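Topology and contacts: notes
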Amino acid sequence: MSRVKLSEYRAKQLLDASSSAVSIHLDTASSDIDKLDSSLAYVIKVDQGIKKRGKQGLLKLNIAKANALAAVRELSSKGFVRFIAEPMLEHGDDEEKYLSFERTRNGIVASFSHTGGIDIEDNPESVNQLDPQDLPLPKDFIDKILTIIDKEHITFLEINPLVVRDGSCILLDAAVLVDSAGEYQASWTSDDIVEARTLTEAESTVSVMDQNSPAAFSFRVLNPNGALWMLLSGGGASITIADEAANQGKSHIIGNYGEYSGGPTAEETYLYTLEVIKQALASEAEPLAIIVAGGVANFTDVKKTFKGIIQALGERLEDLQSKKVRVYVRRGGPNETEGLALIREFLDRNNLLGAVHGSDMVLTEVINEALEYLDA
Amino acid sequence: MLNIDKIRNNPGNILALGSYRPGYQAVLDFDRLCGRSEPSIVCIITAGKRFEKYFWGNGEVLIPCYPTLDDARRNIGNIDWLLNMSSGRRTLASTQAFFETFPDALGAHLFAEDVPEKHAIEIYDKYQENGKCIIGPAGVGLIVPGSLKLGVVGGVDWRQIQASRLHLPGNVAILSASGGMINEIITMTARSQHEISFALCFGGDRWPTTQPYDAFLAAEKDPNTKYIIYYGELGGQDEYKLANLLKSGQVTKPVIAYIAGIIGETFDQPVQFGHAKALASEKSETASAKRQALKEAGVQVANSMTEFSDIITNIPQNSHPQSSDVNLANRQHSLFSSTISTEDDKGYAFTGLLLQDWASKQDIALQITSALLGRQPKSTLTSDLVRTIFLLSVDHGPQVSGALNTIITARAGKGIVDSLAAGLMTIGPRFGGAVSGAAREWFDGANAEITPSELVEERAKARQYIQGIGHKKYRLDLPDPRTAILADFAKSLSASQYFTFAKEVEAITTTKKGNLILNVDGHIAALMLDVLENEEKISKTDISRMINADFFNALFIIPRIVGFTAHYLDQKRIDEGLFRLPDDAILLA
């Protein structure tokens, strides 16, 4: 469904069967480091899909096995948990080349530069786009990479620097984006996908829900101390509603972005809502507003999903009341009238009612109502 | 390629793949609101069901279900559209299979999210580039008001469809990346008293098969469309292509647009929003940059939804909209379904023909054949065979078990129902009930492409009889006069693969033992299989189901009821009194 980043460790495993890279996780650092060869010098890098690690000090050069744990500890103090260790390869800057591939509607397009390395972005004119078959690199290497790109649903692959020595290609640094929808045919798994930041508990719970359901769920904390929390439905409507807060110059108080769509069950909506509420209640801001909104659904049942939302709100009633939470609702679609009546009655009875609207009001108007409450 | 006006005038029919009841019901409700005389969905590909029952207006209709596309083609013929509701993993393979089976189809809507990029591009290369119109994946489809609803676009509740007046053709085209927002905009447009010329959702994936560019050109070409409303999002470069269409004069109709995602510009790092494509990794992909490009090309770009709504409200109105007064609120599903008979003002109709018309035909065999098939036969050979079978199967002596049980029961003083029941309940694997068994032998044997000698060897090894082979009395040198007539019938058939197979089996078994001949049951089964497949053009899948339903045994039961009735009435005339077996007739072991 979307492009996600593989760990560099997994990327190297896919691209080079003889890779001697070792993956180090903070929790299992000692036993992971045991796999290193004490006769070699290593480079240890943060392996969480972050660009420009060299410039940000997220890698350590020339590390012997004995010093590896200390190096990992130092890097982890910057908030990271996943690392990769690889034997150092002595090479000259002039050997560094840049190579990337991207999946496009017209097939796989390659980009290549004879002058690769960390300053590639300063020399965009040196990078040429070309057909992979025209690359000035060994043909068997290119064919192998193309086969792997196809088989592993790779959508973007960047090797920088690439060192070509005696006719063989050495991948010093590799970044790989894969198509998450292709996981079922690929040899990587969702465990190999890295996030540049550590997920909150609520974010990871929702991400697991999303993987296990035919419906779609997403949740991302933008400001843990935000006052405006979003329980939105629909990929498009959710952006449009969040846009309105930005229009009003209130981006900084938005707690989260997220959405549910694709006809979730009442149970799933209940679980999702619990996570959103949990995160909202952890905010230091007071009062809070929760936006329950979406467009006019094509097929998601308003009554069914609202039952799940009501159940979750009901479980945290006292916490919500003590934080002076108001809930603002706007939704349309199948069983709209029944669903709206249900939630209005519940919010009103429990002193949480901000406003409840159906499809006869402009989608984004609830944001303005909620902002009025928060500003008052 | 997408030609809206052509679809409007000739919407065509739909094959639905996968299970999605509310979505299919909504298509039928739309059809009905538009005044279509027949449902646009003509069949559903799904396993394990013969039909699905849907509302058709306030009444009901059975939509046939087929396990395979081949079955659908055989039964339905041509299909124009595929409504593909299968999962992301199955979308490529099922779409390919559809176009292989229906090469003349116009196009498809692919509903699934999670279709791999690689597959979406393959579908694009193979079909969109070759003149098919593929909408999706990860969208809600296409609706041409008054004509075609291909997908859940416009809603799955008939009230939504009616409230948005989607049964009436209008002049505003709505094009959207988002499935939720397209319906939001449809509702908004309808509330401001406008009607829609067509609404198309590209879907939120990175490689939509029908792209905004294609849809804009289709809107320009469509004579009914006067205004274009476009909803786009951050991510991708489509809006620059659209801007070029306007600047170069390839699109001249007024365009109103909202590009969502300015929220994305308030974060340091690019954020992945709900749709796969909704990620701006470069400045040119941000909502602001794309809004600017469209503005420069002359598009009315709204800065907020409120403004968007106001601009839409101000579109000049075309005509006074008519509302629909159809009310489908109180319909209920029936408890039973029947396709055999109906009753109306003209009288009772049986398999589509009024009883008075049956009477004027004076053909009982034809009527019984229709009863067996559930419809009028396609070939006169079928009722000729039924007539021959019945004339030969009415009775074969009072000694046989079924007749004897009828006779004993009649002599015990019971009435016609009990006496017939006693006879009928005797019918089974050893008496009269071997026609179905024989049909299974010939059907499986001929279709599994095993040779007759392999079948015989297999049965011999397992020490099993072959149903339809063997007779107590008749043998190779003492032929059964009934089978001679049946064998003669085979000569009038256009093809006789089952009869040939059965005769080849007989040729082998009779070399082992003289009485292992193809018996009456075996003849009836083989000939009827040939007639059903070659004359009535019934699919193998359906024939197999008919065997399981004991269709073939009915060919014995119906005439034999006549025979049993004859024995019952005969006993009442003779009236010998209660029967008791003589003591020496039973061995008291």
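Residues numbered from 1 in each chain as written. Chains lettered and ligands numbered in written order. Predicted model: local features only at pLDDT ≥ 70, side-chain atom pairs only at ≥ 80, totals over all residues. Heavy atoms only, no water.

**A short note on the sheet that holds strand β10 (residues 172-176) of chain B**
Residue and element names in this part refer to chain B. Across the sheet, which stays open at both edges, the seven strands sit in the order β9-β8-β11-β10-β12-β13-β14 with mixed pairing between neighbours. In the strand order of this sheet, the two ends are held by β9 (148-150) and β14 (300-301), each with one partner. Relative to strand β12 (residues 227-233), β10 is paired through five bridges, and the arrangement is parallel. Residue I174 lies in a different strand from β12, and its bridge partner there is I229. Against the sheet, helix α10 (residues 287-296) contacts β12, β13 (255-260) and β14, and its axis sits at roughly 170° relative to β13. (Pairing = 2+ DSSP bridges. Helix = DSSP H or I, 4+ residues; strand = E, 2+ residues; numbered from the N terminus. Contact = heavy atoms within 4.5 Å. Axes fitted to C-alpha atoms, helices over the stretch in contact; angles between N-to-C directions.)

**A few points about the sheet that holds strand β16 (residues 347-350) of chain B**
Residue and element names in this part refer to chain B. One open sheet accounts for three strands, arranged β15-β16-β17; its pairing is antiparallel. The open sheet is flanked by β15 (341-344) and β17 (353-354), the only strands paired with a single partner. Taken together, the four bridges between β15 and β16 define a ladder with antiparallel strand orientation. Looking across to β16, one finds that S341 is bridged to F350.

**Quick look at a nonpolar patch on the surface**
Residues and elements named next belong to chain B. A cluster of nonpolar side chains, contributed by L404, I408, F579, L581, I586 and L588, occupies part of the molecular surface with about 550 Å² of accessible area. Positionally, F579 belongs in the segment after α23 (551-574). What makes F579 partly exposed here is its relative accessible area of 34%. (Patch = residues over 30% accessible without salt bridge, like charges linked within 9 Å, V, L, I, M, F, W, Y side chains within 5 Å. Areas by Shrake-Rupley, 256 points an atom, 1.4 Å probe, with all protein chains shown as cover. Salt bridge = Lys/Arg side-chain N within 4 Å of Asp/Glu carboxyl O. Buried < 20%, exposed > 50% of the residue type's maximum accessible area, 1.4 Å probe, protein only.)

**Looking at helix α9 (residues 302-315) of chain A**
All names here are of chain A. Relative to the 20 Å expected for 14 residues at 1.5 Å per residue, α9 spans 20 Å between its end C-alpha atoms, a close match to the ideal helical length. Along α9, the positions that sit buried rather than exposed are V302, T305, F306, G308, I309, I310, A312 and L313. Sitting at the head of α9, D301 places a side-chain oxygen 2.9 Å from the backbone nitrogen of K303. (Expected span 1.5 Å × (residues − 1). Polar contact = N/O pair within 3.5 Å; in protein donor to acceptor, adjacent residues only side chain to side chain.)

**What about helix α4 (residues 88-101) of chain B?**
Residue and element names in this part refer to chain B. Under the 1.5 Å per step criterion, the end-to-end length of α4 is 21 Å for 14 residues, consistent within 8% with the ideal 20 Å. Here α4 has its buried residues at G88, T91, L92, S94, T95, Q96, F98, F99 and T101. Here the buried face of α4 lies against β1 (14-17), α3 (69-76), β5 (81-84), β6 (107-110), α5 (117-126) and β7 (133-135).

**Here's the deal with the interface of chain B and chain A**
Taken together, the contacts link 59 residues of chain B with 48 residues of chain A. Summing both sides of the interface, chain B and chain A together bury roughly 4,100 Å²; the carbon and sulfur share of this comes to 57%. On the chain B side of the contact with chain A, K118, E184 and I263 of chain B bury the most area, a combined 14% of that side's loss. For the pair chain B and chain A, the number of links is four salt bridges. The partner of E117 of chain B in a salt bridge is R3 of chain A, and the shortest N-O contact between them spans 2.8 Å. When residues of the side of chain B that touches chain A are traced back to their parent elements, those giving at least two are α5, α7 (179-191), β12, β13 and α11 (305-313) of chain B. Broken down by element, the residue count for the side of chain B that touches chain A peaks at seven residues, all from α7 of chain B. Its residues placed into classes, the side of chain B that touches chain A shows 26 nonpolar, 20 polar and 13 charged. (Buried area = accessible area lost by both parts, 1.4 Å probe. Nonpolar A, V, L, I, M, F, W, Y, C, P; charged D, E, K, R; others polar.)

**What to know about the side chain of K277 of chain B**
Residues and elements named next belong to chain B. With respect to the secondary-structure elements, K277 resides in the loop between β13 and α10. Residue K277 is classed as buried on the basis of its relative accessible area, which comes to 18%. If near-sequence neighbours (up to four positions away) are discounted, K277 is found in contact with G204, D205, R206, P208, L234, G235, G236 and D238.

**Overview of unusual backbone geometry**
Outside of glycine, negative phi angles account for most residues, and trans bonds account for most peptide bonds. Going from E286 of chain A to P287 of chain A, the amide bond is cis rather than trans, its omega being -5°. A cis amide bond links G136 of chain B with the next residue in sequence, P137 of chain B, at an omega value of -5°. Of note, P137 of chain B is situated in the loop between β7 and β8 (141-144). Positive phi, close to 60°, is recorded for N335 of chain A, a residue that is not glycine. With respect to the helices and strands, the residue N335 of chain A is situated in the loop between β16 (326-332) and α11 (336-349).

**Focus: the side chain of R482 of chain B**
With respect to the secondary-structure elements, R482 of chain B resides in helix α19 (residues 481-489). With near-sequence residues (within four places) excluded, R482 of chain B lies in contact with L392, H396, H471, Y474 and V520 of chain B.

**What to know about the domain arrangement of chain A**
Residue and element names in this part refer to chain A. Per the domain assignment, the segments of chain A are domain 1 (21-87), domain 2 (93-191) and domain 3 (199-375). Using C-alpha coordinates to define each centre, domain 1 is positioned 24 Å away from domain 2. Surface buried jointly by domain 1 and domain 2 totals about 470 Å² across both partners, of which 25% is contributed by carbon and sulfur atoms. As a salt-bridge pair, D173 and R53 come within 2.7 Å of each other at their nearest N and O atoms. Across the contact surface, domain 1 and domain 2 share three residue pairs in polar contact (both at pLDDT 80 or more). Sorting the residues of the side of domain 1 that touches domain 2 by element identifies α3 (53-56) and β5 (82-87) as the ones contributing at least two each. (Domains from an automatic or database assignment.)

**Details of the packing of aromatic side chains**
What the rule picks out here adds up to 18 aromatic pairs over all chains. Aromatic pair Y260 of chain A and Y272 of chain A: ring centres 6.0 Å apart, planes at 65°, arrangement edge-to-face. Linking Y260 of chain A in strand β14 (residues 256-261) with Y272 of chain A in helix α8 (residues 266-281), this pair joins segments that are 12 residues apart in sequence. When its relative accessible area of 1% is taken as the criterion, Y260 of chain A is described as buried. Taken together, a centroid distance of 5.1 Å and an interplanar angle of 75° make the contact between F98 of chain B and F99 of chain B edge-to-face. Across this residue pair, the class does not change: F98 of chain B and F99 of chain B are buried. Grouped by ring-pair contacts, the aromatic residues F98, F99, F102 and Y127 of chain B constitute a single cluster. (Phe/Tyr/Trp six-rings, centres within 6.5 Å; stacked < 30°, edge-to-face > 60°.)

**What to know about the nonpolar core**
Within soluble globular proteins, side chains that are nonpolar tend to cluster in buried spots. Judged by nonpolar contacts, the single largest core of 152 residues is most densely connected at L228 and I291 of chain A together with F216 of chain B. Here this core gets seven residues from one element, more than from any other, and that element is α8 of chain A. Setting aside residues no more than four positions away along its own chain, F216 of chain B makes contact with L175, I228, Y230, L242, L245, L246, V251 and V255 of chain B. If you look at the next biggest cluster of nonpolar residues, it comprises 52 residues, including A438, F489, V505 and L527 of chain B. (Core = buried A, V, L, I, M, F, W, Y, C linked by side-chain atoms within 4.5 Å.)

**Considering the pattern of salt bridges**
As enumerated under the stated definition, the model contains 54 salt bridges over all chains in all. As a salt-bridge pair, D192 of chain A and R10 of chain A come within 3.1 Å of each other at their nearest N and O atoms. Taken together, the residues span a long stretch of sequence, with D192 of chain A in the loop between β11 (174-179) and α6 (201-211) and R10 of chain A in helix α1 (residues 8-15) at a distance of 182 residues. Residue class for D192 of chain A comes out buried when judged on its relative accessible area of 9%. Residue R10 of chain A is classed as partly exposed on the basis of its relative accessible area of 23%. Residues D243 of chain A and R291 of chain B are paired through a salt bridge, measuring 3.9 Å at the closest nitrogen-oxygen approach. Pair noted here: D243 of chain A is in helix α7 (residues 235-247) and R291 of chain B is in helix α10, and the two residues belong to different chains. Take R291 of chain B: its relative accessible area is 6%, and that puts it in the buried class.

**Details of the pairing of β13 of chain B**
All names here are of chain B. Within β13, six of the six residues are buried, which leaves it mostly tucked inside the rest of the structure. Side-chain alternation along β13 places V255, A257 and I259 on one buried face and I256, Y258 and A260 on a second face that is also buried. Relative to β13, β12 is paired through six bridges, and the arrangement is parallel. Each bridged residue has a counterpart across the sheet, and for G232 the counterpart in β13 is I259. By the bridge criterion, two bridges tie β13 to β14 in an arrangement that is parallel. Across the sheet, the residue bridging to A257 is V301, located in β14. With respect to chirality, the unit in which β13 leads through α10 into the neighbouring parallel β14 is right-handed. (Right-handed = clockwise from strand over helix to strand, strands pointing away.)

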